[in-house]
Amino acid sequence: MTATSSSTTQGTTDTALSPAPKNYILFIIFIAIIGAFSSLVNDMYLPTIPAMMKEFHTTPSMTQMGISMAMAGMGLGSVLWGSASDRYGRKPILIISLVIFVVATVVSLFSHGITFFIVCRFFQGIGAGGTMVLSTSIPADVYMGRQLAKLMAIIGVINGVAPALGPVVGGVMADWIGWRGIFAVLLVIGLVTTFWTTRYKETLPPQRRLQAHSFSDYARAYRSLFTNGRFMTYVTIKAVAIGLLYAYISSAPFILQTHYGFTPLQFGLIFGVNALAMSAGSTLALRLKVMKQGLVIGCAGMFVFAVADAVVMWQQDDFMWYEIFAVPMLMFSGMIFASANTLSMEVGRSEAGTASAILSVVKYAFAAVVSPLVGLGNMFHSTAIAYVALTVIALVLAWKAYRLTPLADMVRTK
């Protein structure tokens, strides 16, 4: 498979796509695994958070800082690894980031206080940031247009299984081996993925790499994308949707287990069902004629059901109503994830690593800020406020995206 696209940033000499992988199924599995790291790093140990709070003798907000610091690390890692992969290639950068993840996970197993654990989570996030940013830039090296949209949607569905299975597995393991056992499983996943990466074929040949010789060269690549209104609109919509997701993720263990009285295993099953709803949303995005339609419809639907769920939480109604509105809210979020990823990477194709880095760091900034905020005061009320504020922002940006004139990045899925 060969195709060409015009270069928009100084320093790239050839933007022809790399040959498509010979084994498409294995390629999807590999990309899905490295893309799922950010979910696994947070979701697998979610059922153990209330128990960790007691073990470390700390508060819910401090325990949730473990999620926030991982997000902050992923954001920083995305910036470092995204630009570095444009300059040095995808494979060596992916290996380095995975090694950092593995080392940080090993060290975290020796945590005896919440502060030490939080620091380990930061470095764990830095390593996982490389896997996340490369899971979107590698596909953009070999596919474009409808094929890229399909791959992103397929990976979105597969990655929806990770947050679905993560809490379920974590719930089963929580009472058996605790959070350290869960982190040991993450360690094994990291080691296996590192070995697999050594067998992976480079998708960014030297002639297509960013010829950066100074910090100003990297800054120029970032500036060209940060000042691209279309690109930043798609990126910010994705970031707001991620912020909503992590408002849900951070509050769910306490709301479901502490307030509604579900066990860690039951929490994992409920969380898994909701995560599968996100996968369904990614699939639905492909059924629309134009990918941007998925972005606009996703924002509108997410707003409606998030506000409804916020009312339920504010009044602390029955669990049934909480769940009835959470499922479609997350489904419409899934539509946004698939649509925003594809549209963003189409606009930033010529500097895919840098574009993916910006996509990651902005969304992780939202996640890192939102996660501890929902633990302040009455968790039901703080989470409800976060839901409404974030989805209002998404709705405004969706209107802006809707008014954008159709250009080449208006990806058609049919």
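These numbers were taken from a predicted model, which means no experiment stands behind them.

**Student:** What is the right way to read the overall build of the chain from this model?
**Tutor:** Along the backbone of the chain there are 14 helices and zero strands. Classification of the 414 residues of the chain by burial places 60% in the buried group. Taking contacts inside the chain between residues at least 6 apart in sequence as the whole, the part at least 24 apart equals 86%. Put simply, the chain shows about 15500 Å² of open surface, and 71% of that area lies on carbon and sulfur atoms.

**Student:** Which parts of the structure should I look at to understand the pattern of salt bridges?
**Tutor:** Side chains that differ in charge, positive against negative, can pair when their charged atoms come close. Applying the stated criterion across every chain, the model contains three salt bridges. Close ionic contact of Arg180 with Glu55 constitutes a salt bridge, the shortest N to O distance being 3.0 Å. Remark: Glu55 occurs in helix α3 (residues 49-55) and Arg180 occurs in helix α7 (residues 145-198); sequence separation between them is 125 residues. Judged by relative accessible area, which is 36%, Glu55 ranks as partly exposed.

**Student:** Would you mind going over the packing of aromatic side chains with me for this structure?
**Tutor:** For any pair of aromatic rings, the description rests on two quantities: the centre-to-centre distance and the angle between the ring planes. According to the stated counting rule, one finds 20 aromatic pairs in the structure shown. Chaining the aromatic ring pairs together yields one cluster made of Tyr45, Phe56, Phe117, Trp179 and Phe183. We note Arg87 situated over the ring of Tyr88; from NZ or CZ to the ring centre the distance is 5.1 Å.

**Student:** Is there a simple way to explain the environment of Ser360 in this structure?
**Tutor:** Mapping Ser360 onto the fold places it in helix α13 (residues 352-373). Placed 284 residues apart in sequence, Ser360 and Leu76 show a C-alpha to C-alpha distance of 9.0 Å. Beyond its immediate sequence surroundings of up to four residues, Ser360 is in contact with Ser78, Met132 and Val133.

**Student:** Looking at this structure, how should I read helix α4 (residues 60-88)?
**Tutor:** Each turn of an α-helix holds 3.6 residues, which means side chains three or four residues apart point in the same direction. The terminal C-alpha atoms of α4 lie 41 Å apart, and with 29 residues this matches the ideal 42 Å at 1.5 Å per residue to within 8%. At Gly66, α4 shows its maximal bend, which comes to roughly 30 degrees. Near the N-terminus of α4, the side chain that reaches the backbone nitrogen of Met62, with its oxygen 3.2 Å away, is that of Thr59. Looking one or two residues beyond α4, the residue adopting positive phi is Gly89, at roughly 100 degrees.

**Student:** I tried to follow unusual backbone geometry on my own but got confused; where do I start?
**Tutor:** Generally, phi is negative for residues other than glycine and the peptide bonds are trans, each holding for most cases. In this structure, His57 is a non-glycine residue whose phi angle is positive, near 50 degrees. Considering the arrangement of structural elements, one finds His57 in the loop between α3 and α4. Taking relative accessible area as the criterion, His57 reaches 74% and is therefore assigned exposed. Although it is not a glycine, Gln316 adopts a positive phi angle of roughly 55 degrees.

**Student:** What should I look at first to understand the side chain of Gln124 in this one?
**Tutor:** Structurally, the position occupied by Gln124 is in helix α6 (residues 114-142). For Gln124, a relative accessible area of 0% gives the class buried. Excluding anything up to four places from it in sequence, Gln124 contacts Val41, Phe101, Ala104, Thr105, Phe183 and Leu186.

**Student:** Please clarify how a nonpolar patch on the surface should be interpreted in this entry.
**Tutor:** On the surface, a nonpolar cluster with roughly 500 Å² of combined accessible area is contributed by Val99, Val103, Val106, Val107, Phe110 and Phe116. Per-element tally for the nonpolar patch: the top contributor is helix α5 (residues 90-108), with four residues.

**Student:** Sorry, what's going on with the side chain of Ser333 here?
**Tutor:** Take Ser333: it is sitting in helix α12 (residues 319-347). Taking relative accessible area as the criterion, Ser333 reaches 1% and is therefore assigned buried. Beyond its immediate stretch of four places on either side in the chain, Ser333 contacts Leu244 and Met302.

**Student:** It is not clear to me how the packing of helix α9 (residues 229-259) against helix α10 (residues 264-285) should be interpreted in this structure. Could you clarify?
**Tutor:** For any two helices packed against each other, the geometry comes down to the angle between their axes and how far apart the axes lie. The contact between α9 and α10 brings their axes to 10 Å, and the two run at 150 degrees. Judged by the inter-axis angle, α9 sits roughly antiparallel to α10. In the packing of α9 onto α10, the handedness of the crossing is right-handed. Side by side, α9 and α10 meet where Leu245, Tyr248, Ile249, Ala252, Pro253, Leu256 and Gln257 of the first sit next to Pro264, Phe267, Ile270, Phe271, Asn274 and Met278 of the second.

**Student:** I would appreciate a short explanation of α12 in the present structure.
**Tutor:** Across its 29 residues, α12 extends 42 Å between first and last C-alpha, which sits within 8% of the 42 Å expected from 1.5 Å per residue. Of all the 29 residues making up α12, 23 are buried; the element is thus mostly covered by neighbouring parts of the structure.

**Student:** I'm lost on the packing of α4 against α13 in this one. Help?
**Tutor:** Direction vectors running N to C along α4 and α13 enclose 170 degrees, while the axes themselves pass 8 Å from each other. Classified by the angle their axes make, α4 and α13 are roughly antiparallel. Looking at the contact of α4 with α13, its residues break down into 13 nonpolar, twelve polar and one charged.

Reading guide: rules and limits
Residues numbered from 1 in each chain as written. Predicted model: local features only at pLDDT ≥ 70, side-chain atom pairs only at ≥ 80, totals over all residues. Heavy atoms only, no water. Helix = DSSP H or I, 4+ residues; strand = E, 2+ residues; numbered from the N terminus. Buried < 20%, exposed > 50% of the residue type's maximum accessible area, 1.4 Å probe, protein only. Contact = heavy atoms within 4.5 Å. Areas by Shrake-Rupley, 256 points an atom, 1.4 Å probe, with all protein chains shown as cover. Salt bridge = Lys/Arg side-chain N within 4 Å of Asp/Glu carboxyl O. Phe/Tyr/Trp six-rings, centres within 6.5 Å; stacked < 30°, edge-to-face > 60°. Lys NZ or Arg CZ within 6 Å of the ring centre and 35° of its normal. Expected span 1.5 Å × (residues − 1). Bend = angle between axes of the 7 residues up to and from the residue. Polar contact = N/O pair within 3.5 Å; in protein donor to acceptor, adjacent residues only side chain to side chain. Patch = residues over 30% accessible without salt bridge, like charges linked within 9 Å, V, L, I, M, F, W, Y side chains within 5 Å. Axes fitted to C-alpha atoms, helices over the stretch in contact; angles between N-to-C directions. Parallel < 35°, antiparallel > 145°, perpendicular 65-115°, else oblique. Left-handed = near helix turned anticlockwise from the far one by under 90°. Nonpolar A, V, L, I, M, F, W, Y, C, P; charged D, E, K, R; others polar.

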